[in-house]
Every structure is written in C-alpha cells, then in structure tokens.
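What the coordinates show
Each chain is listed here by its residues.
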Amino acid sequence: MSITESLNTISNGIPEHVKLVAVSKTRSNEEILEVYNAGHRDFGENRVQELVAKAEELPKDIRWHLIGHLQTNKVKYIAPFVHLIHSIESKKVLIETNKRAAENDRVIDILLQFHIAIEESKFGFSLKEIEALVSDGIFSELKNIRVKGVMGMATFTNETKQIKKEFRTLKSIFDHLKVHLGEDLDTISMGMSGDYSIAIEEGSNLIRVGSKIFGDRNY
Ligand SMILES: *Cc1c(COP(=O)(O)O)cnc(C)c1O
C-alpha cells in the first residue's frame, strides 16, 4: 500500500470524533508532503530539533504536535507556533511553557502526560502529582497555557487485557480531572499503530499513528 492508501484506510476506519495525528518522526519532507497533499494537516514529532527544522521547510498551515519528551531549555524553540504539546510531564516544563507562551503573546494548548505503562522508562505524571498541582491552584495561575486533556502510552505488549486496563486508567484520570479543570478538557490522546483500535474502544479521541501510515521506521 502507498502512504496515501494507508492514510485513507486508517482515516476511513475510525469514528468521526477521533482525530488522527500522523507521526512523521524520521520521515523525509517528501513522505510528509504525500500525506499533506492527501489533505492531512496534523503531524506529530517527538524531537524538538526535528520538529522545528521541518516546520521551517514545510507548508505553514501544518499543525505541529509535539509528542515526545520536552526539555525545559527547548520550549522556547516551539513556543511561537506549536499547535499542541502532548507531553507535558513536570511542573517545571509547565511553568516554562506558560512563560514562553506569554513572551509570544499566545495561549498554548497542552496535554498532561501520564505514566500508565508498567515499563519504568516511560515519562509522565502520576495522578497524585497532578492532584497536588490542582490543589495548589497552579492551572488557574498560568494564563498562557490551556490544559486540553491527557496523553499516555500503553505498555509495549501483545496482551490486549493489559493495554485495555492502562487505557481505561487514563480515561478515568481524564474524567477525574475534568471535574476539577473543567470546560476546556476535551482531548484524550492515546493509541498508536499497534493499539489504536483498543484505545478508541476505551475512549480515545486522538490517535498518534506513524508506522501504520508511513511503513516501518529505520532509525
Ligand atoms: C513514535 C510515536 C508514536 C507513533 O508510533 P507508531 O507505532 O509508529 O504508530 C506515537 N506516540 C509517540 C509518543 C511516539 O513517540
């Protein structure tokens, strides 16, 4: 299947309320343009440097999503234009993002990334940490960020039951936060090439798909 055919197969196979972010990390501008020319505008990158370089070279109406670990000292490079940061995972980065958004006269949309997988290596908040921030009132103080929802990655496993359980945890965190953070919360970013069908069943409305569109990555 060509890139365009894969994109269309996935787009046509998901419910209307689910948004698809094409994960374009490691892909060439030509590959990205193929997806762009099929009418797609949302692209996700996991490294700031790569995202910034591609944003400079590619059409300006692309909506860039940062989906990978964000270091405090790199926030300034994406703050002028990033569409949605999925991977806010510490208070420090939260505050820095608010500061850089203000400098750019913007309100930046963000998702709070939660640690839902068994694996130690995956980044993210715990519910406890977020509850502490909520009761500190930090989210109402930071006027230049808007919390749109949550993001999480399931354990890399074939055990459907485990993946389901982790996605269900993220959905319940979302429901819980919505009570405290309110109206603007409408996004649950969960599901990748291997598990997006399960994610959608468990309440995802934003999936991040790379290899199933572009083919396997060779790093
Ligand atoms: C790479 C990546 C994806 C996409 O992975 P695929 O398995 O290629 O679909 C999704 N989310 C994050 C955070 C990623 O780093």
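Source: prediction; values computed, not measured.

1. What about the pattern of salt bridges?
For the coordinates displayed, the defined rule picks out 13 salt bridges. With a shortest N-O distance of 3.0 Å, Arg 100 and Glu 103 are connected by a salt bridge. On the criterion of helical spacing, the pair formed by Arg 100 and Glu 103 is a turn pair, its members being three residues apart in helix α5 (residues 91-103). The partner of Asp 175 in a salt bridge is Lys 171, with the nearest N and O atoms 2.9 Å apart. Placement of the pair is Asp 175 and Lys 171 together in helix α8 (residues 160-181), with a separation of four residues, close to one helical turn. Asp 175 gets classed as partly exposed once you look at its relative accessible area, which sits at 36%.

2. Here we look at the site of the ligand
Around the ligand sit Val 23, Lys 25, Ile 67, Met 151, Met 153, Met 192, Ser 193, Arg 208, Val 209, Gly 210, Ser 211 and Arg 217, and those are all the residues in its vicinity. Here an oxygen atom of the ligand and a side-chain polar atom of Ser 193 are 2.5 Å apart. One nitrogen or oxygen atom from the side chain of Arg 217 is found 2.8 Å from an oxygen atom belonging to the ligand. Look at the ligand: alone it shows 390 Å² of surface, and the protein chains cover 91% of it. Each residue belonging to the shell around the ligand can be placed in one class, and the counts come to six nonpolar, three polar and three charged.

3. Looking at the pairing of strand β1 (residues 19-23)
Counting buried positions along β1 yields four of five residues, so the element is predominantly enclosed. Note: β1 against strand β2 (residues 42-45), two bridges, orientation parallel. Looking across to β2, one finds that Val 23 is bridged to Gly 44. Crossover connection from β1 via helix α2 (residues 29-37) to parallel β2: handedness right-handed.

4. Details of the nonpolar core
Ranked by internal contacts, the top residues of the largest apolar core, which has 61 residues, are Leu 94, Leu 112, Phe 114 and Ile 213. The dominant element in this core, judged by the number of residues it contributes, is α8, at six residues. If sequence neighbours within four positions are ignored, Ile 213 has contacts with Ile 3, Ser 6, Leu 7, Ile 10, Leu 20, Ala 22 and Val 35. Core analysis: the second largest hydrophobic core is formed by five residues, Val 21, Leu 84, Leu 111 and Leu 206 among them.

5. Some thoughts on the pairing of strand β6 (residues 145-152)
Across the eight residues of β6, seven count as buried, placing the element largely inside the fold. Of the pairings in the sheet, the one linking strand β5 (residues 108-114) to β6 comprises seven bridges and is parallel in character. The residue bridging Asp 109 from the neighbouring strand is Arg 146, located in β6. Two strands pair when backbone bridges link them, and β6 and strand β7 (residues 187-189) are joined in this way by three bridges, in the parallel orientation. Among the inter-strand pairings, Val 150 is bridged to a residue of β7, identified as Ile 188. Following the backbone out of β6, through α8 and into the adjacent parallel β7, one traces a crossover that is right-handed.

Conventions and cut-offs
- Residues numbered from 1 in each chain as written.
- Predicted model: local features only at pLDDT ≥ 70, side-chain atom pairs only at ≥ 80, totals over all residues.
- Heavy atoms only, no water.
- Salt bridge = Lys/Arg side-chain N within 4 Å of Asp/Glu carboxyl O.
- Helix = DSSP H or I, 4+ residues; strand = E, 2+ residues; numbered from the N terminus.
- Buried < 20%, exposed > 50% of the residue type's maximum accessible area, 1.4 Å probe, protein only.
- Near = heavy atom within 4 Å.
- Polar contact = N/O pair within 3.5 Å; in protein donor to acceptor, adjacent residues only side chain to side chain.
- Areas by Shrake-Rupley, 256 points an atom, 1.4 Å probe, with all protein chains shown as cover.
- Nonpolar A, V, L, I, M, F, W, Y, C, P; charged D, E, K, R; others polar.
- Pairing = 2+ DSSP bridges.
- Right-handed = clockwise from strand over helix to strand, strands pointing away.
- Core = buried A, V, L, I, M, F, W, Y, C linked by side-chain atoms within 4.5 Å.
- Contact = heavy atoms within 4.5 Å.

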